[in-house]
Amino acid sequence: MKTVKIGPWTVKLDTEKTREFYKTHHPITEDCSCHHCENYSLAVDSFPEQVQTHFERLGIDPQKEGEVFVGEDDGKDMLLYMGFYHVVGELVEGPKQAVAEEDGLRFHFSDQTDLVPEGFPEPVLQWEFELEVPWLLEKEKRDAYE
């Protein structure tokens with residue numbers, strides 16, 4: 001594992017093990033067929049390069065298993081998505097409740113984990129995020145669960 005400083009946290013990460021897990025795991029839309037997840041999956045490729053870099057440096061494939069949901073829909077073309085992914089790693093030091101913001105992405109690390117996929121390598125660290133994502137589907141946002 002490599003020790004790195006990300007925002008106010010120092011973490012030990014094994015990005016190769018994380019990357020290997022996501023290579024073989026199913027897409028996020030396999031577990032959920034709602035239009036919010038479908039839209040998120042479609043929008044991943046349009047994330048700004050700086051946001052994509054955040055996922056890449058952790059070894060996360062944002063198309064794959066994770067937990068995403070819409071936190072706010074103000075009726076505009078952007079939705080506030082929130083969610084989390086898992087990485088192989090440990091929290092070395094840093095604040096437990098802080099949220100960092102870089103490049104329009106709000107995030108934090110937690111050693112408290114939820115919904116860890118079966119077979120995910122240990123130790124597990126949870127990376128939680130908030131990000132405004134454009135609505136790209138032709139379907140209406142209000143019909144997200146139909």
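All values reported here derive from a predicted model rather than from experimental measurement. (Residues numbered from 1 in each chain as written. Predicted model: local features only at pLDDT ≥ 70, side-chain atom pairs only at ≥ 80, totals over all residues. Heavy atoms only, no water.)

### Considerations on helix H3 (residues 49-58)
Reasoning step 1: Residues Val51, His54, Phe55 and Leu58 constitute the buried set of H3. Viewed along the axis of H3, the buried residues span an arc of 90°, placing them on a single side of the element. (Buried < 20%, exposed > 50% of the residue type's maximum accessible area, 1.4 Å probe, protein only. Helix = DSSP H or I, 4+ residues; strand = E, 2+ residues; numbered from the N terminus. Arc of directions from axis to C-beta.)

### Re the pairing of strand E4 (residues 78-93)
Across a regular strand the side chains alternate sides, sitting on one face of the sheet and then on the other.
Reasoning step 1: Across 4 bridges, strand E2 (residues 9-13) lies against E4 in antiparallel orientation. Looking at E4, one finds that Leu13 is bridged to Gly89.
Reasoning step 2: Here E4 pairs with strand E7 (residues 124-134) via 11 bridges, running antiparallel. Each bridged residue has a counterpart across the sheet, and for Met82 the counterpart in E7 is Glu130. (Pairing = 2+ DSSP bridges.)

### Quick notes on unusual backbone geometry
Reasoning step 1: The residue after Glu122, namely Pro123, is reached through a cis peptide bond having omega -5°.
Reasoning step 2: Topologically, Pro123 is positioned in the loop between strand E6 (105-110) and E7.
Reasoning step 3: Phi is positive for Leu115, close to 50°, though the residue is something other than glycine.

### Quick look at the side chain of Ser110
Reasoning step 1: Considering the arrangement of structural elements, one finds Ser110 in strand E6.
Reasoning step 2: In this structure the side chain of Ser110 is engaged in a polar contact, spanning 3.0 Å, whose partner is the backbone nitrogen of Gln112.
Reasoning step 3: Residue contacts for Ser110: discarding those within four places in its chain leaves Leu125, Gln126 and Glu128. (Polar contact = N/O pair within 3.5 Å; in protein donor to acceptor, adjacent residues only side chain to side chain. Contact = heavy atoms within 4.5 Å.)

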